Amino acid sequence: MSAFKVCPNCKFVWHNREEFMSDENVTIIGYQVRFKSLEEGFFLFNHSCRGTFAVMVRDFADLYDGPVFQERATGSDECPGHCLHKNALDPCPAKCECAFVREIIQILKK
Ligand SMILES: [Zn+2]
């Protein structure tokens, strides 16, 4: 049987993304940016068993259907620098290519 994700700690299986996202025992705790290829970055999650694991941004990319900006604002005055801090989960106000990933984080926080 295929699985969306298996907890590396307790071996709990989420069979699909809907199951994973609606599980109250899963909490997003971080985002590991990969500036060279944003969809290959990782979201970090905690499971109630205290296990921690990563899921690729690509697996959630279709959750966001708003605009994606072409330009990067990283390092500019407009950029709050959230992407540089793994534990920062706030949305980004900048018109930046990286901001859509942070919108996905807001969806995953719910
Ligand atoms: Zn677990």
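In the block above lies the structure referred to throughout.
Right, let's walk through the structure included here. (Residues numbered from 1 in each chain as written. Predicted model: local features only at pLDDT ≥ 70, side-chain atom pairs only at ≥ 80, totals over all residues. Heavy atoms only, no water.)

**Observations concerning the packing of aromatic side chains**
Counted under the stated rule, the structure contains 13 aromatic pairs. Ring centres of F12 and W14 lie 4.9 Å apart, and the angle between their planes is 65°; on these two criteria the pair is classed as edge-to-face. Look at F12 and you get partly exposed, because its relative accessible area is 38%. Here the aromatic residues F4, F12, W14, F20, Y31, F43, F45, F53 and F60 are joined through ring pairs into a cluster of three or more. (Phe/Tyr/Trp six-rings, centres within 6.5 Å; stacked < 30°, edge-to-face > 60°. Buried < 20%, exposed > 50% of the residue type's maximum accessible area, 1.4 Å probe, protein only.)

**Comments concerning the nonpolar core**
F20, Y31, F43, F45 and F60 are the most contacted members of the largest nonpolar core, which totals 27 residues. Listed by contribution, the elements that provide at least two residues to this core are β3 (26-32), β4 (42-47), β5 (52-56) and α2 (99-109). Broken down by element, the residue count for this core peaks at 6 residues, all from α2. Beyond its immediate chain neighbours, meaning those up to four positions away, F60 contacts F4, R17, F20, M21, F43, F45, V55, I104 and L108. (Core = buried A, V, L, I, M, F, W, Y, C linked by side-chain atoms within 4.5 Å. Helix = DSSP H or I, 4+ residues; strand = E, 2+ residues; numbered from the N terminus. Contact = heavy atoms within 4.5 Å.)

**Section: the coordination of the zinc ion**
Distances from the zinc ion to its protein donors, C7 (SG), C10 (SG), H47 (ND1) and C49 (SG), fall at 2.0 to 2.3 Å. Bound by 4 donor atoms, the zinc ion shows angles of 103 to 114° at the metal and therefore tetrahedral coordination geometry. Read in sequence order, the donor residues for the zinc ion give the motif C-x2-C-x36-H-x1-C. Here the residue C10 occupies a position in the loop between β1 (5-6) and β2 (13-14), and C49 occupies one in the loop between β4 and β5, the gap between them amounting to 39 residues. According to the relative accessible area criterion, C10 is partly exposed, its value standing at 37%. Owing to a relative accessible area of 24%, C49 belongs among the partly exposed residues under this scheme. (Donors = N, O, S within 2.8 Å, 3.2 Å for Na, K, Ca; no water. Tetrahedral: all angles 85-135°; square planar, octahedral: opposite > 155°, others 65-115°.)

By themselves, these observations are geometric and do not establish any function.
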